[in-house]
Amino acid sequence: LVDGQLKKWTGETSEVYSTISSTENYAPTLLGSIPTMGEAAAAEVVESAVAAYNNGQGLWPTMKVIDRIRCMENFVTQMKAARSEVVKYLMWEIGKSLPDSEKEFDRTVEYIYDTIEDYKELDRNNARFTKSQGVNAMVRRGPLGVVLCLGPYNYPLNETFSLLIPAIIMGNTVIFKPAKHGVLLISPLLEAFKSSFPKGVINIVYGRGREVASPIMKSGKVDILALIGNSKSAIALQDLHPNKNRLRLILGLEAKNPAIILPDADLDLAIQECIMGTLSFNGQRCTALKILYVHESIAAEFNRRFTDKVDALPFGNPWEKGVSLTPLPEKDKPDYIQELIDDAITKGAKVINAKGGERSDNYIFPAVLFPINKEMRVYHEEQFGPVIPIITFKDIQEPLNDMAESNYGQQVSLFGKDIKTIAPLIDTLVNLVCRVNLNSSCQRGPDVYPFTGRKDSAVGTLSIHDALRSFSIRTFVASKDN
Ligand code: G3H
């Protein structure tokens, strides 16, 4: 989609295979193909986005708020009609379970409506006259320019749209490259994008990052890099911009969220939340619990009950009823998880659940590793998959010190009952991460709450409210009293 047109692609294409194998001998299922675009397409979308931002009064960036909202409403109405098709792609492309795929779609629709409401509120509160020291000003919030938007494979619709929607509605123009996995699910929405927004406001390209995203950054025309994914790609893309001072960053990156289970924790609740926190969508969430700190006095019981529950989780295809674990979209992920397991075993850990590490096609059954120490890779690396490291502690200062030393700082889960122990801990924890979850696992939503992180975990803040501010700048018109 470029300059308001859905162009027919005649160049090279690459095939998109499902994460679900079609037969018992694991033959890959071909779902479709995507254009492999390069420099020429990059130049075209940059020109289109820049022109849509700069050309003419009353067009996108200067359009009346009410008209911009109408475009967005039109888009979401059309989007809703594509629900079943998008949900099907979520299951086949990334292996997300049916209820979770439906939830992802519905959450996105709700996110768009809530953003529209918040945008109306923002507009009401922003465009107002103020006066200070003889200077009258009308302060308002406006767009920044051209946004390059790249979303992740684990929420190819919802998280991508949590960047895309606020960027567009604030009056920016956007170049969007869908994630490598979860790429075809954008196809049922192309026509809706095309017919809802003026030409050039949203441009969509396909292909490998280094071939199509790199020249876009090198053009020097990108004002905001909005990316949810890994630090390596974010740094590589920033470095390509010829003037990094011009570039605003909105990044959602890695995390290694710990759970701390205190001696007086309600174990049933802690175990239930830790199962969900570590293994929802097979652990492929930046908000997943990625290391469990269990007080040494309860470790034996926690481990026994936790591993029983892990081993009871059903594995299957996303549409099967009650299925919890599903095939992994990244082909090399099971090998990577195996490497982490082998490394931990060499350095003294054991796989403590019976089914841990069992392999089938592109799946590896969750392995619970115990006891973990700092020499092990799984202690440091963001596994983003089904392996659960458990570490014991004697004194609460031990996990706190580890969190302070960590390169990450997104969230923590704290399980315990005694308010006298918990209350002072909260003050310390909120200065180490950005969200403290009491007796519950880590998560991003509800989307009204700020979603961000410290250190290497994020740059900028998302949420319905914060994203509108992240994708805009306050400007004002001033006049003096004469
Ligand atoms: O991958 C990170 C996502 O932001 C996780 O979102 O907590 O809603 O699953 P979630």
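Within each chain, residues carry numbers counting from 1 in the order of the written sequence. Two thresholds apply to this predicted model, a pLDDT of at least 70 for residue-level local features and 80 or more for giving and counting side-chain atom pairs, whereas whole-chain, interface and lining totals are computed over all residues. The basis for the side-chain values is all heavy atoms of the structure; hydrogens and waters are excluded.

An unreviewed UniProt entry lists the protein under the name NADP-dependent glyceraldehyde-3-phosphate dehydrogenase, with Flavobacterium sangjuense as the source organism. Quoted verbatim from the Sequence similarities (unreviewed entry) field of UniProt, the annotation for the protein is "Belongs to the aldehyde dehydrogenase family." UniProt positions are given in the numbering used here, feature names are shortened, and annotations may be inferred rather than shown by experiment.

Asks: With reference to specific residues and values, describe the pattern of salt bridges.
Replies: Salt bridges, as used here, are contacts in which a Lys or Arg side-chain nitrogen is within 4 Å of a carboxyl oxygen on Asp or Glu. Tallied over the entire structure, the rule returns 24 salt bridges. For the salt bridge of Asp67 with Arg70, the shortest nitrogen-to-oxygen distance reads 3.0 Å. Taken together, the residues span about one helical turn, with Asp67 and Arg70 both in helix H2 (residues 65-81) at a distance of three residues. Using a 1.4 Å probe on the protein chains alone, a residue whose accessible area is under 20% of its type maximum counts as buried, one over 50% counts as exposed, and one in between counts as partly exposed. For Asp67, a relative accessible area of 26% corresponds to the partly exposed category. Salt-bridge contacts for Asp239 lead to Lys244; the nearest nitrogen and oxygen are separated by 2.8 Å. Accessibility expressed as a relative area gives 47% for Asp239, which makes it partly exposed. Where salt bridges share partners, they join Glu12, Arg208 and Glu211 into one cluster. Secondary structure elements are taken from DSSP: a helix is a run of H or I of four residues or more, a strand is a run of E of two residues or more, and numbering for both begins at the N terminus.

Asks: Can you explain the site of the ligand? Please cite residues and give values.
Replies: Nearness is defined per residue: one heavy atom within 4 Å of the molecule or strand is enough. Lining the immediate environment of the ligand, one finds Arg107, Asn154, Tyr155, Glu159, Arg285, Cys286, Thr287, Gln443, Arg444 and Phe451. One of the side-chain nitrogen or oxygen atoms of Glu159 is found 2.9 Å away from an oxygen atom of the ligand. Areas reported as accessible are Shrake-Rupley estimates using a 1.4 Å probe. Residue values count occlusion only from the protein chains shown. Considering the ligand on its own, with 310 Å² of exposed area, one finds that the protein chains cover 95% of that surface. In protein, a polar contact means a hydrogen-donor-capable atom and an acceptor-capable atom, both N or O and within 3.5 Å, with residues adjacent in sequence counting only if both atoms are side-chain atoms; elsewhere, any N or O pair within 3.5 Å suffices.

Asks: Can you explain the packing of helix H1 (residues 39-54) against helix H7 (residues 209-218)? Please cite residues and give values.
Replies: Following both chains from N to C, one finds H1 and H7 inclined at 40°, their axes separated by 8 Å at the closest point. Comparing the axis directions of H1 and H7 gives the class oblique. As for how H1 packs across H7, the hand of that crossing is right-handed. Only Glu211, Val212, Pro215 and Ile216 of H7 make contact with H1, whose side of the interface consists of Glu39, Ala42, Val45 and Val46. Here an axis means a line fitted to C-alpha atoms, over the contact stretch when the element is a helix, while the angle between two N-to-C directions is reported on a 0 to 180 degree scale. Any angle that falls under 35 degrees is termed roughly parallel, while one over 145 is termed roughly antiparallel, one within 65 to 115 roughly perpendicular, and all others oblique. Take the far helix as the reference: if the near one is turned anticlockwise from it by less than a right angle, the crossing is left-handed, and if turned clockwise, right-handed. Contacts are assigned to residue pairs that have any heavy atoms within 4.5 Å of one another.

Asks: Please set out the confidence of the model for the protein residue by residue, giving values where relevant.
Replies: Confidence scores labelled pLDDT are given residue by residue by the predictor and lie between 0 and 100. Summary statistics for the protein give a mean pLDDT of 95 and a share of 98% for residues scoring 70 or more. This complex was scored by the predictor with a pTM of 0.97 and an ipTM of 0.97.

Asks: Describe the packing of aromatic side chains, listing the residues and the values that go with them.
Replies: Only Phe, Tyr and Trp rings are paired, with Trp represented by its six-membered ring, and only when their centres lie within 6.5 Å; those with planes under 30 degrees apart are stacked, over 60 edge-to-face, the remainder tilted. Applying the stated criterion across every chain yields a total of nine aromatic pairs. Plain terms: the ring middles of Phe75 and Phe197 are 5.9 Å apart, the flat faces sit at 40° to each other, and that makes the pair tilted. Taken together, the residues Phe75 in helix H2 and Phe197 in the loop between helix H6 (190-196) and strand E7 (202-204) connect sequence positions 122 residues apart. The two residues Phe75 and Phe197 agree in class, both being buried. Ring plane angle 15° and centroid distance 5.3 Å describe the contact between Phe302 and Phe306, whose orientation is recorded as stacked. A residue pair is termed a helical-turn pair when its members lie 3 or 4 positions apart in one helix, as Phe302 and Phe306 do in helix H10 (residues 299-311) at four residues. For Phe302, a relative accessible area of 0% translates into the label buried. In textbook terms, an aromatic cluster arises when at least three aromatic residues are bridged by ring pairs, as seen for Trp60, Phe75, Phe161, Phe193 and Phe197. Charge over a ring is defined by NZ of Lys or CZ of Arg lying within 6 Å of the ring centre and within 35 degrees of the ring normal. The residue whose ring lies beneath Lys96 is Tyr155, and the NZ or CZ to ring-centre distance is 3.7 Å. Residue placement shows Lys96 over the ring face of Phe281; its charged tip is 4.8 Å from the ring centre.

Asks: I'd like a rundown of helix H3 (residues 83-94), residues and numbers included.
Replies: Each α-helix winds once per 3.6 residues, and so residues spaced three or four apart point in a common direction. The end-to-end C-alpha distance of H3, which contains 12 residues, comes to 16 Å, matching closely the 16 Å that a straight helix rising 1.5 Å per residue would cover. Restricting attention to buried positions, one finds in H3 the residues Val86, Val87, Leu90, Met91, Glu93 and Ile94. Contacts made by the buried residues of H3 are with strand E1 (13-21), strand E2 (28-35) and helix H4 (98-126). A positive backbone phi angle near 75° is found at Gly95, which sits one or two residues after H3. To estimate how far a helix should reach, multiply one less than its number of residues by 1.5 Å.

Asks: Lay out the environment of Ser14 in plain terms, naming residues and giving numbers.
Replies: Relative to the elements of secondary structure, Ser14 occurs in strand E1. Residue Ser14 is classed as partly exposed on the basis of its relative accessible area, which comes to 24%. The contacts of Ser14, once residues within four sequence positions are left out, are Gly32, Ser33, Ile34 and Thr36.

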